[in-house]
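A closer look at the structure
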Amino acid sequence: MTDPVIVSVGSSPVGRSELTGRDLFSVALGEAFEDLPAPAEVVEALYVGNQSETYEHQIMQGTLMAEWAGLRNVPAERVEGCAAAGALALKHAVEDVRRGTHDAVLACGVEKMTAGGTGGATDALSAAFDRALEQRSGVTAPSQYALLAQRYLHEYEATEEDLARIAVKNHANAASNPRAQFQSAVDVDTVLGSDYVAPPLKLFDCAPVGDAAATVLVATPDVADDLRSSDDRVRVTGAGSAANNLSVAERNMTFPEGANVAAERAYDQAGIDPVDVDVAEVHDAFTICEALLAEAAGFAPAAAASSRRSPPRSAPPAGPTSG
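Worth saying up front: this structure is predicted, and the values here are computed from it rather than measured. (Residues numbered from 1 in each chain as written. Predicted model: local features only at pLDDT ≥ 70, side-chain atom pairs only at ≥ 80, totals over all residues. Heavy atoms only, no water.)

Considering the state of the cysteines
Put simply, the rule is: Here, a disulfide means two cysteine sulfur atoms that sit within 2.5 Å of each other.
Within the structure shown, the criterion is met by 0 disulfides. For cysteine 82, which is in no disulfide, the shortest distance to another cysteine sulfur is to cysteine 289 and amounts to 10 Å. In this model cysteine 289 remains outside any disulfide bridge; the closest cysteine sulfur is found in cysteine 206, 9.5 Å from its own.

Re the packing of aromatic side chains
Stated formally: Each aromatic pair joins two rings of Phe, Tyr and Trp (for Trp, the six-membered one) with centres within 6.5 Å, and gets the label stacked for planes under 30 degrees apart, edge-to-face for over 60, and tilted for any other angle. Helix and strand definitions follow DSSP, with helices as H or I runs of at least four residues and strands as E runs of at least two, each counted in order from the N terminus. Relative accessibility thresholds used throughout: buried, under 20% of the residue-type maximum; exposed, over 50%; partly exposed, between the two (1.4 Å probe, protein chains only). For a lysine, the NZ atom is tested; for an arginine, the CZ atom; a charge sits over a ring if that atom is within 6 Å of the ring centre and within 35 degrees of the ring normal.
Scanning the model with the defined rule gives 2 aromatic pairs in all. Ring centres 4.8 Å apart and planes at 25° place the aromatic pair tyrosine 145 and phenylalanine 286 in the stacked group. You can see tyrosine 145 sitting in helix α5 (residues 141-155) and its partner phenylalanine 286 sitting in the loop between α9 (257-270) and α10 (287-296), a full 141 residues away along the chain. Residue classification places tyrosine 145 among the partly exposed positions, given a relative accessible area of 22%. With relative accessibility at 7%, the residue phenylalanine 286 sits in the buried group. In this structure, arginine 22 is placed above the aromatic ring of tryptophan 68, and the distance from its NZ or CZ to the ring centre is 5.1 Å.

Some remarks on the pairing of strand β7 (residues 211-219)
As a reminder of what qualifies: Paired strands are those between which DSSP finds at least two bridges.
Most of β7 is tucked away: 8 of the 9 residues are buried. Judged from the 6 bridges that link them, strand β1 (residues 5-11) and β7 form a sheet pairing that is antiparallel. By the bridge assignment, glycine 10 is partnered in β7 with threonine 215. Bridge count for strand β4 (residues 104-112) against β7 is 9 bridges, and the pairing is antiparallel. Looking at the pairing, valine 110 lines up with alanine 213 of β7.

Description of the sheet that holds strand β2 (residues 45-49)
In spatial order, the strands read β3-β2-β4-β7-β1-β8; together these 6 strands make up an open sheet with mixed pairing. Strand pairing shows two members of the sheet lacking a second neighbour, β3 (76-79) and β8 (234-235), which therefore form its edges. Inspection of the sheet shows β1 paired to β8 by 2 bridges, in the antiparallel sense. Looking at the pairing, valine 5 lines up with arginine 235 of β8.

Written out as structure tokens, the structure is:
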């Protein structure tokens, strides 16, 4: 099997936008294909990562975005996995090309979270939690992750200031990113002085609601050769995913096993170890997310795991995410 190649990428700015989801997708698509042939001349399949249909009351996202891209009669599917939806769309595209199912596949992630207001976004995100055990108890995303943070701080030698430093690092990255929702740095005192959303998580520990879209064109090396110089391409050597128990009550609250298994699968496929990674984008919807996932991926010593790859002696820091 040949390693797939990322030929081009495109994205919209992140934040509150007057554009609809399909228009945000068009912005990202336009950038990805700015110096390439039209999508209809290249793309053989499309995967659309989309967390919730409730924001714009719209299902059939695969068909809709295929139409918006000028694609006709190609396989076009929506991929759902809450915050992992876009990453799963990319993984499907990579696997299609690697298997030889298609020579060029477009993956995208699109969300219009502000369409339903704060209440709509809260309800849509709560749908990611177990209905019987959590939703009916009034659990929301901030309260769910606050439970994880409380347990983590209770069991290990970590403090709210440690979480605050994650927010400081991510805001520093966002300050130099023209597409970030908030482009200003903060300090530890600012984070610690902000109001609690769900203790121990404060305002700056929590990601805001925003609208955005991103697209990635994945192709075989031969197709990539016809489209772009090899200097502008990225080879995909590994990808992995794994499901874990949905209810937090059924999981290890301080070590996300599914994320660890997914990372191990990607490392094994690529033939590397965590120490070989120079840049990592770690999910940080809440600061506790990044702490847990950085450990699960092997970028920091794990506080709670006994069955995982030994952390590197000098591991790279968790990488930049846009704040």
